[in-house]
Amino acid sequence: MKPRFHLNVTGVCNLACSHCYQDRLGARPMPLEDVERVLTTFDRLRRHHGDRGEGFLTLGGGEPTTRPDLADVIKLARRHNFTLRLVTNATRIDLPQAWTLRQAGLKMVQVSLDGATRQTHEAIRGPKSWERALAGISALRKARMLIVLSAVMIPGRNLDEIPRLLDLSRELGVAGIKVQRVIARGQAAGGLETQGDFHRVLVALLEHAVAIRYKRPIMLFDPLAHNLPNLYPRLTRRLWFLSTDMCHCDRTELVEVDVDGSIRYCRIGQKLGNVWQDDLIEVWEKHPLLQEIRAHRPHGACASCAAWSGCRGGCPAATYGRGEATGAPDLACPAARGVR
């Protein structure tokens, strides 16, 4: 396993998105010296797994650009030999800041855009967030950043607009798009619909990509995507670049540390430990939740599914968010809806 890392460097955010999965919004930024301590801990886990090359680190929040010293965080991460991706709503980014971040060593930016229209995006992320995000994207492009649009599929809010994000990505001149579904955690845990026909949306997205001859990467961050090439080989073979295997829960490779030092796995809300009190290697190798996910075996419809080796039965964050075990059937998969 080659671990990937996610560090939330602040809980402060300038927006109040209805689907945000973070539990510690408003928490103060992690001091720079503590950022270095976390990066050193990440280094230890990387070396433990034999990783001697560049690691991969995502900087998130809150909204990372609320930190006035974000460029210093980026420089520090680069000194620790991490390739970086910044997750941002882009609403605070102007051209001087974009160049400052680029010169600090940032090259990849994931910009959250949850609709193909102003109305839909602002219904999710708040007034004036659309025009400010587009201005931020423009600044990042001028600073020669590689930009990917990231959308969260939210039932009743934006599902029908997801395919149109392909057209928008062309118009904005960004590198491609990434899509994932909403998880019942954080702000999304109360009152937001989190169950929908995500499979249908993903198929419609791919059909639209073929129809418009889309020549940019499409990245699907969801176990549901693993089975698409098996179910629709003629469709998926016609795509220029499609990544359906971004989720590999058997490897439990996505290490997340929150602004308060909490250790978590991917988007599952359970706190596994704290990086200030617990040994990260020990947590990652022996925590019961991670062992449960790694040991999960196919049953029911999953037992005969060609996608099992990658999908592993669906998204444990989705089932955990419903109050069920991580190995419970992922009802977003059509084959699993009758499995109980």
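Residues numbered from 1 in each chain as written. Predicted model: local features only at pLDDT ≥ 70, side-chain atom pairs only at ≥ 80, totals over all residues. Heavy atoms only, no water.

**Quick word on the overall build of the chain**
Here's step 1: Check the secondary structure of the chain and you find 13 helices and eleven strands.
Here's step 2: Here the C-alpha atoms of the chain give a radius of gyration of 19 Å, agreeing with the 20 Å that 2.2 N^0.38 yields for 340 residues.
Here's step 3: Overall, the chain is about 50 × 45 × 40 Å in size when its C-alpha atoms are taken along their principal axes.
Here's step 4: Among the 340 residues that make up the chain, the fraction classed as buried is 57%.
Here's step 5: Residue pairs in contact within the chain that sit at least 24 positions apart in sequence constitute 70% of those at least 6 positions apart.
Here's step 6: For the chain, the separation between the mean place of its 48 positive charges and that of its 35 negative charges on side chains is 5 Å. (Helix = DSSP H or I, 4+ residues; strand = E, 2+ residues; numbered from the N terminus. Rg over C-alpha atoms; globule rule 2.2 N^0.38 Å. Buried < 20%, exposed > 50% of the residue type's maximum accessible area, 1.4 Å probe, protein only. Contact = heavy atoms within 4.5 Å. Lys, Arg positive; Asp, Glu negative; His and termini not counted. Charge placed at Lys NZ, Arg CZ, Asp CG, Glu CD.)

**Section: the packing of aromatic side chains**
Here's step 1: Summed over all chains, the structure comprises five aromatic pairs.
Here's step 2: When the ring of phenylalanine 5 is compared with that of phenylalanine 82, the centres are 5.8 Å apart and the planes differ by 85°; the resulting orientation is edge-to-face. Taken together, the residues span a long stretch of sequence, with phenylalanine 5 in strand E1 (residues 4–8) and phenylalanine 82 in strand E3 (residues 82–88) at a distance of 77 residues. In this pair, the class of phenylalanine 5 matches that of phenylalanine 82, namely buried.
Here's step 3: Judged by centre distance (6.3 Å) and plane angle (45°), the ring pair of tryptophan 240 and phenylalanine 241 falls under tilted.
Here's step 4: Phenylalanine 241 sits in the partly exposed class, given a relative accessible area of 40%. (Phe/Tyr/Trp six-rings, centres within 6.5 Å; stacked < 30°, edge-to-face > 60°.)

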